[in-house]
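Breakdown of the fold
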Amino acid sequence: MAMAYILVRRFSRVFQLNVQRQDIMFSGVRHKSTVRYATRPDCPKLAYRKVKGKSPGVVFLPGFASNMGGKKAEALEEFCQSLGHSYLRFDYTGCGSSEGEIVDGTVGTWKRDVLYVLDELVEGPQILVGSSMGGWLMCLAAIARPERTAAMVGISTAADHFVTVYNTLPIEVRKEIEEKGQWVVPTKHNEEGSITFTTEFLKEAEQHCVLQSPIPVTCPVRLIHGMKDQDVPWHVSMQLAERVLSNDVDVILRKHGQHRMAEKEDIKLIVYTIDDLIDKLTTLV
């Protein structure tokens, strides 16, 4: 299978035509979308923000315990507005402004949220942009809804990450975790300084792992990862690139990039990547 692993890409269309767009994207001068709530039978309400526009649309999938108010999510809204393409960002069940409790959430719960968004809240093919755990959910959604997935852009993709890290722990540590029923993981990304996973959460997550076999995704795939990522190794993106069946796969590594990829230059790279895909997809049409 032919794969294109690249460290540097040329985005000629962006550099030639969109010098002013960069100022728009980071100035915050455009009108923000308003928060809406999707009512679902037997499920908590889902909070989302939507911008109407052309196809293909862009859907942003945040990371674990994150929300739709981050720098990347807001910058992509500015970008899509400037292009006139549709855009949707949302909060998973139990996160941000959505109803529910995060302790009750599972990978399956959040996959269901993404599928609901694709089935009910957007129209036509979408470019799925997944950050960290959102990159894992992006893969699951693309497998389940190939006709709605025009392309995928993974940012610090954490495919199978909870399960992979847990399985690398020493046997005696895993036995202790199973006895306690929970796994406390240190983190720099919240005030508590740790994240607690129940053994039930880990067992459920194992059912959604994607890296153990070929991934039936044939759309264009772009995987952006920072080589200084201390949370999810960039090798995960390389492994994902190997697994997807698509021949149109690029891995883009930022030498000094961190996990969140939220610096101005990181966001520019993400925007350029999506812009390049939009150009590719509309040209094919």
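Residues numbered from 1 in each chain as written. Predicted model: local features only at pLDDT ≥ 70, side-chain atom pairs only at ≥ 80, totals over all residues. Heavy atoms only, no water.

The protein chain is annotated in an unreviewed UniProt entry as Palmitoyl-protein thioesterase ABHD10, mitochondrial from Oncorhynchus mykiss. The UniProt entry for the protein chain carries this comment under Subcellular location (unreviewed entry): "Mitochondrion". Of the comments in the UniProt record for the protein chain, the one headed Sequence similarities (unreviewed entry) reads "Belongs to the AB hydrolase superfamily." (UniProt positions renumbered as here; feature names shortened; annotations may be inferred.)

**A look at the packing of aromatic side chains**
Each aromatic ring pair is specified by the distance between its two centres and by the angle formed by the two planes. Summed over all chains, the structure comprises 13 aromatic pairs. Taking the centre distance of 5.8 Å and the plane angle of 40° together, the rings of Trp 183 and Phe 197 count as tilted. With Trp 183 in strand 8 (residues 182-186) and Phe 197 in strand 9 (residues 194-198), this residue pair connects regions lying 14 residues apart in the sequence. For Trp 183, a relative accessible area of 10% puts it in the buried group. In this structure Phe 197 comes out as buried when scored by relative accessible area, which is 5%. (Phe/Tyr/Trp six-rings, centres within 6.5 Å; stacked < 30°, edge-to-face > 60°. Helix = DSSP H or I, 4+ residues; strand = E, 2+ residues; numbered from the N terminus. Buried < 20%, exposed > 50% of the residue type's maximum accessible area, 1.4 Å probe, protein only.)

**Structural notes on unusual backbone geometry**
A cis amide bond, omega 0°, links Ser 55 with the succeeding residue Pro 56. When you line up the elements, Pro 56 lands in strand 4 (residues 54-61). Unusually for a residue other than glycine, Ser 132 sits at a positive phi of about 55°. By the secondary structure assignment, Ser 132 is in the loop between strand 6 (126-131) and helix 5 (133-144). Classification of Ser 132 by relative accessible area gives buried; the value is 12%. Phi angles above zero are rare outside glycine, and Asp 160 is one such case at about 60°. By the secondary structure assignment, Asp 160 is in the loop between strand 7 (149-155) and helix 6 (161-167).

**Observations regarding helix 7 (residues 171-180)**
Burial of helix 7 is sparse: only one of the ten residues sit out of reach of the surface. Within two residues after helix 7, Gly 181 carries a phi angle of roughly 85°, on the positive side.

**Remarks on the pattern of salt bridges**
Between side chains of opposite charge, pairing is possible as soon as their charged atoms come close. All told, the structure shown has twelve salt bridges when counted by the stated rule. Two residues, Lys 50 and Glu 123, come together in a salt bridge whose shortest N-O distance is 3.3 Å. Of the two residues, Lys 50 sits in strand 3 (residues 43-51) while Glu 123 sits in the loop between helix 4 (107-121) and strand 6, which places them 73 residues apart along the sequence. Look at Lys 50 and you get buried, because its relative accessible area is 15%. A salt bridge links Asp 119 to Arg 145; the shortest N-O distance between them is 2.8 Å. Taken together, the residues Asp 119 in helix 4 and Arg 145 in the loop between helix 5 and strand 7 connect sequence positions 26 residues apart. Given a relative accessible area of 34%, Asp 119 falls into the partly exposed group. Taken together, the salt bridges that share partners define one network made up of Lys 32, Glu 74, Glu 77 and Arg 89. (Salt bridge = Lys/Arg side-chain N within 4 Å of Asp/Glu carboxyl O.)

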